[in-house]
Amino acid sequence: MSTRAFMSRLTFLTLLLSLLAVQAFAGGRFIDDNDTVTLQGNTHPLAHRAMAKSAADTSLRMDHMVMALQISAAKQAALSTFLKQQHDPTSPNYHKWLTPDQFAAQFGPSAADVADITTWLTSHGFKIDEVAKSRMWINFSGDVNHVEQAFRTQISTVTVDGKSYHANTTDPSIPRALSDVVSGVVTLHNIPRKPKHNGATAFPSNQAVPNYTSGSYHYLAPGDFATIYNVNPLYNAGLDGTGQSIAIVGRTHPAATNWSTFRSKMGLPANAPQVIVNGTDPGDLGANEDTEANLDVEWAGAVAKNATIKFVTSQSTNTTDGVDLSAQYIVANNVAPIVSLSFGSCESDMGATENTFYNNLWAQAAAQGQTVLVAAGDSGAAGCSDPSGATGSGKAVNGLASTPYNIAVGGTQFNEGSTQYWNSVSTTSMTSALGYIPEVVWNESGSVSGGSGLWATGGGASQIYSKPSWQVATGVPQDGSRDIPDVSLSGAGHDSYLIVTGGSLSAVSGTSAGTPSFAGIVALLLQKTGQRIGNANVGLYQLANLQYGANGASVFHDVTSGSNSVPGVTGYSAASGYDQATGLGSVDANALVTNWGATGSTTSSPSFSLAAVSPVSITAGKSGSVSVQVSVANGFNSSVTFSVSGLPSGVTGTFTPASLAAPGSGTTTLSLNVASTVTVGTRTVTVTATGGGITRTQSFSLTVLAGPDFSLSAPSSGSILVGNSGTLSVATAVSGGFSSSVALAVSGLPSGVTASFAPTTIAAPGSGTSVLTLTVASTATAGTSTLTITATGGGITHTTTFALTIQSGALYSSSFTDNWLTTSVSGRSARWYLASSGTYPTVTPHTGTAMAQFNSYSATSGNSARLFTSGRLTIPSTAKSATLSFWMYHDPNRPTKNDTVQAQLSTNGSTWANVGAAVARYAATAGWTQVSVDISSYIGKSVYLGFLGTSAAGYNMYLDDLSVTVK
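Keep in mind it's a predicted model, so treat the numbers as computed, not measured. The residue count restarts for each chain, going from 1 along the sequence in the order it is written. Totals for whole chains, interfaces and linings use every residue, but because this is a predicted model, local features are given only for residues with pLDDT of at least 70 and side-chain atom pairs only at 80 or more, for both listing and counting. Heavy atoms throughout the structure, all of them, feed into the side-chain values; hydrogens and water do not.

**Student:** Just to check I follow, could you spell out the nonpolar core for this structure?
**Tutor:** The nonpolar side chains of soluble globular proteins are, as a tendency, buried together. Counting residues in hydrophobic clusters, the biggest one holds 76 residues, and the most contacted among them are Phe225, Ile246, Trp299, Phe518, Leu540 and Phe556. With nine residues, helix H12 (residues 511-529) is the largest single contributor of residues to this core. Leaving out residues up to four positions away in the same chain, Phe225 has contacts with Leu220, Asn230, Val231, Trp299, Val303, Leu489, Tyr497, Ser517 and Ile521. Among buried residues, the Ala, Val, Leu, Ile, Met, Phe, Trp, Tyr and Cys ones that are joined through side-chain atoms within 4.5 Å form a nonpolar core. Think of it in three bands: with a 1.4 Å probe and only protein chains considered, a residue is buried below 20% of the maximum accessible area for its type, exposed above 50%, and partly exposed in between. Phe82, Phe107, Val249 and Ile276 belong to the second largest nonpolar core, which has 45 residues in total. Helix and strand definitions follow DSSP, with helices as H or I runs of at least four residues and strands as E runs of at least two, each counted in order from the N terminus. Note on contacts: a residue pair is in contact if any heavy atoms of the two residues lie within 4.5 Å.

As structure tokens, then:
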């Protein structure tokens, strides 16, 4: 059957939420499905902006959804400390990498919590596919109907840029009882993540070995890369990736002959990658997807020539991108010590749960000793925009790359000038570079001469993550935010990377190219160290501090020219040391590997370090303190001064002493005074120590505890019919030793409404529940009023509001100009239309300027079509009766043709029930007649309204002025 939107653009009447409570015990939790919290920020912006939307088929499969779970605040603080200790040679946890099971035991939700969640999911008809060993996520499957019912959301078919996708168009909700452990569902849409490359350009078949150095553009072969980035000395020392493995994230399954052909053409040893298919094989998805997969597999193995490349691929579903499932599999199964991912979505497009999922996933990877590398993006500073677009939409970064636990890889561009850096003829392995080539920021966007689109390296400040303690180096902005990229390699089309894809030699560029290539360098590093290194950023920034601040080894090629500004968005300029266009710069691979030591560097320069600062909890209105210890090394001799940032409003901090005299070692005490008005909660506070041209930071958790207080809670809204009463529970809960009776009052009552509490006062110590009864007189005026509920006790007053909607009985009315849909039921000629006037017979709307028309005059006899609402209407459970009324036009023409309209209701959008009798078009006298149908049997249910028109080849039929009323 074909379904199309009957009307568009106008918003459907706001549906009233008054579902019957569905309650269930799940393990140790009492889960009330009618007490929910909305997971804000979990609808894809493209689904909001889509011009065309229609209800999705309720039977549509929603497979391998990922429910992301939360790490508690206490465990998050412990995890942050543990990750630091893994890189501290003096800690017993130094390089103590965890297994997924060990991660669960230390930092994951409890097994009982997971059991409660799986029980709730299965009670709603979902199938549990997998529970992570780390207990950080649950994969489950169902259909649209399951999702809409369980998560109180709407799944629609949306059209974006001419393509159809399935997506939730409202934020989902979960039971409040699960909100402390469930972050949400990672995605409820199939809008795909974008690969970070510019597409492959194939060479003509007669250019089997072209001159790759002709003209002003060049092409990178593995031999060129090894020459430019000084990998050859490592090869000569026997470091080629032997014994190491790199996991590549994929969602297609290209022919492996591409990989073997590439290795043969480039003079690489035969070393077939492994393919791991996670679940259903996605098959070969074609050129664009295969380009990314082939680029990643071929270049990770081109740099680490004898490493094992493990290509992990997963099929995308109607709800989950294959990228997410492959990344999840690699970390969950600890597939390899190095992970390379070259896809992305900007932070704001991803939504709250997606960002939490990747933050926790990469944190788990780091704890397991896995080094994760992610492409920074190809849209310059406009990370949410398509790189092929004309104008950027604002500053943003890739959310898969911006966590504190991964390396973000940006792009540079070779800047040869008039100097000869290439041989005029390539070798048989297609190598022609002579040595290192100076680099500038990769920017081939429309903002530079000869450029187009937004093609430039991604980079900027995260809008989500604060500055990690390890991100300290000359040039790092003091912006309090995680900045990316961390490092860069060539990414420009000016010098594209050679690959084999689709059986042909091609060239491709973008940060997707540098990411697997840097993964190859990391493999050589791991072979040299003989162990995993986890989040390698710790060591990278230590080396940068030595190079840029203490005359250490020249590991990085400092990029100081260019910017990632693109049309419409002013980006970031290159500068000495770190910058948000190229990070720390590109690398000299030999210098990186040979200068890497147990603590991240072997260079011994005067320095100092800060010991970990212990978390502290302080009650509002009280004071507390933490100790900050400084240790000096290698002859450091300078005073050290201190500052603190990240304190919430109302908290002040003072160091005693304010500085440590040379040589700088010792302890200072940070005293913290917390005002009584400070909001309860946990914040990350950063201590900064500066001396001798060196800056060090340590972060700690400050938890503000509640003083003697109580909380007040009540439902936020409700509706009552005129002439009826309703109740709501008002609850108080004490904390911090509060002990007093609490008096209750309500204000803001509209005329005709009275209120009473039972009891009016909650006895000491002040925890309890009172029932507020609201009685609405029959003379009250319909509308919504805001009531203020006040609780007073122990010198403290709290208020909350309740939106009371008085219903006149008119629940819904329509002239069919809001969002109605139509579908063929029998045959193909029957149609419903919106009409301003009609013929056969001649008729005008009952009221207003529009009415619904069924084409029984032109439709084949026996053909039928349904007109129905795009959303559900909830009939309040407090109603005593409900009536559906509508006006229908009758005429005396063709008396033997029994054209009919049948009113129908559906609770799921697929199964329809007749309500009342079918109404015939024919009548002896022409005119509009009102039809009323009793629908009281649907009280307390949410329903779609529908009309089934059936043609007998008579005259057209017309409906107008529909209403649903309750008493």
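**Student:** Quick question: what am I supposed to make of the sheet that holds strand E44 (residues 753-758) here?
**Tutor:** For sheets, the rule is that strands pair by backbone hydrogen bonds, running either parallel or antiparallel. The four strands lie next to each other as E40-E42-E46-E44, forming an open sheet whose pairing is antiparallel. Either end of the sheet is taken by a strand with one partner, and the two such strands are strand E40 (709-713) and E44. Here the average twist between neighbouring strands, direction ignored, is 20°. In this structure, E44 lies alongside strand E46 (residues 768-776), joined through six bridges in antiparallel fashion. The pairing criterion is simple: DSSP has to find at least two bridges between the two strands. To obtain each axis, a line is fitted to C-alpha atoms, and for helices this fit is confined to the stretch in contact; angles are then taken between N-to-C directions over 0 to 180 degrees.

**Student:** For this particular structure, what's the right way to read the environment of Gly692?
**Tutor:** Looking at the secondary structure, you find Gly692 in the loop between strand E38 (681-691) and strand E39 (694-705). Apart from the residues lying within four places of it in its own chain, the contact partners of Gly692 are Phe636, Ser638 and Ser639.

**Student:** Just checking my understanding: could you explain unusual backbone geometry for this structure?
**Tutor:** Peptide bonds are mostly trans, and most non-glycine residues show a negative phi. Put simply, Ala662 and Pro663 share a cis peptide bond, and its omega is 15°. The residue Pro663 is located in the loop between strand E36 (659-660) and strand E37 (666-674) in this model. For the bond from Tyr840 to Pro841, the omega torsion is 5°, close enough to zero to count as cis. Turning to its location among the elements, Pro841 is positioned in the loop between strand E51 (832-835) and strand E52 (851-854). In this structure, His95 takes a positive phi of about 55° despite not being glycine. Tracing the backbone through its elements, the reader meets His95 in the loop between helix H2 (73-85) and helix H3 (100-107). Classification of His95 as buried rests on a relative accessible area of 17%. Despite not being glycine, Ala953 has its phi angle at roughly 65°, a positive value. Structurally, Ala953 is set in the loop between strand E60 (942-950) and strand E61 (957-966). A relative accessible area of 22% means that Ala953 is categorised as partly exposed.

**Student:** Just to check I follow, could you spell out empty space enclosed by the protein for this structure?
**Tutor:** The gaps of empty space that remain are located by a probe, the size of a water molecule, rolled over the atoms. Put plainly, a pocket is an open set of points on a 1 Å grid over the protein atoms alone with protein on both sides within 12 Å along at least five of seven lines, a cavity is a set where a 1.4 Å probe fits but cannot get out, and a lining residue has an atom within 4 Å of a point. Grid points are joined across faces, edges and corners, and a volume is the space filled by probe spheres set on the points. Summed over all chains, the structure comprises six cavities of 30 Å³ or more. Its volume calculated, the largest cavity comes out at about 60 Å³. Lining the largest cavity, in full, are Asn42, Thr43, His44, Asn168, Pro172, Val185, Val186, Thr187, Leu188, His189, Met350 and Glu354. Of the residues assigned to the lining of the largest cavity, the class counts are five nonpolar, six polar and one charged. Residues are grouped as follows: nonpolar covers Ala, Val, Leu, Ile, Met, Phe, Trp, Tyr, Cys and Pro; charged covers Asp, Glu, Lys and Arg; every other residue, Gly included, is treated as polar.

**Student:** What is the right way to look at the pairing of strand E33 (residues 623-633) in this model?
**Tutor:** The sheet contact formed by strand E31 (residues 607-610) and E33 spans four bridges and is antiparallel. Bridge assignment links Ser607 to a residue of E33, and that residue is Ala633. As defined by bridge partners, E33 adjoins E37 across eight bridges and the pair is classed as antiparallel. Bridge pairing links Val626 to Leu670 in E37.

**Student:** When you look at the state of the cysteines in this model, what are you seeing that I'm missing?
**Tutor:** Each disulfide consists of one covalent bond between the sulfur atoms belonging to two cysteines. Here, a disulfide means two cysteine sulfur atoms that sit within 2.5 Å of each other. Overall, the coordinates contain one disulfide when judged by the stated rule. A disulfide bridge connects Cys346 with Cys384, and the sulfur atoms are separated by 2.0 Å. In this structure, the disulfide formed by Cys346 and Cys384 twists by about 95° around the S-S bond and is classed as right-handed. In this pair, Cys346 is assigned in the loop between strand E20 (343-344) and helix H11 (347-367) and Cys384 in the loop between strand E21 (371-375) and strand E22 (407-414), connecting sequence segments 38 residues apart.

**Student:** It is not clear to me how the confidence of the model for the protein should be interpreted in this structure. Could you clarify?
**Tutor:** pLDDT: the predictor's confidence for each residue, scored from 0 to 100. When the pLDDT values of the protein are averaged, the result is 88; 93% of them are 70 or greater. Across residues 202-216, confidence stays below pLDDT 50; counting only partners more than four residues off in sequence or on other chains, it has 31 contacts. Between residues 598-604, whose pLDDT stays under 50, and residues either more than four places distant or in other chains, the model counts 22 contacts.

**Student:** I'm lost on the environment of Ile248 in this one. Help?
**Tutor:** Secondary-structure assignment places Ile248 in strand E16 (residues 245-250). For Ile248, a relative accessible area of 0% translates into the label buried. Along the sequence, Ile248 and Gly530 sit 282 residues apart, while their C-alpha atoms lie 21 Å from each other. Residues contacting Ile248, with those up to four places away along its chain left out, are Asp296, Val297, Ala300, Ile309, Lys310, Phe311, Val312, Ile330 and Ser340.

**Student:** Mind showing me how you'd approach the environment of Leu524 here?
**Tutor:** Turning to its location among the elements, Leu524 is positioned in helix H12. When the C-alpha positions of Leu524 and Asn306 are compared, they lie 9.8 Å apart, and in sequence the two are 218 residues distant. Apart from residues no more than four positions distant in its own chain, Leu524 is found in contact with Val231, Leu234, Tyr235, Leu239, Asp240, Gly241, Val303, Ala304 and Val593.

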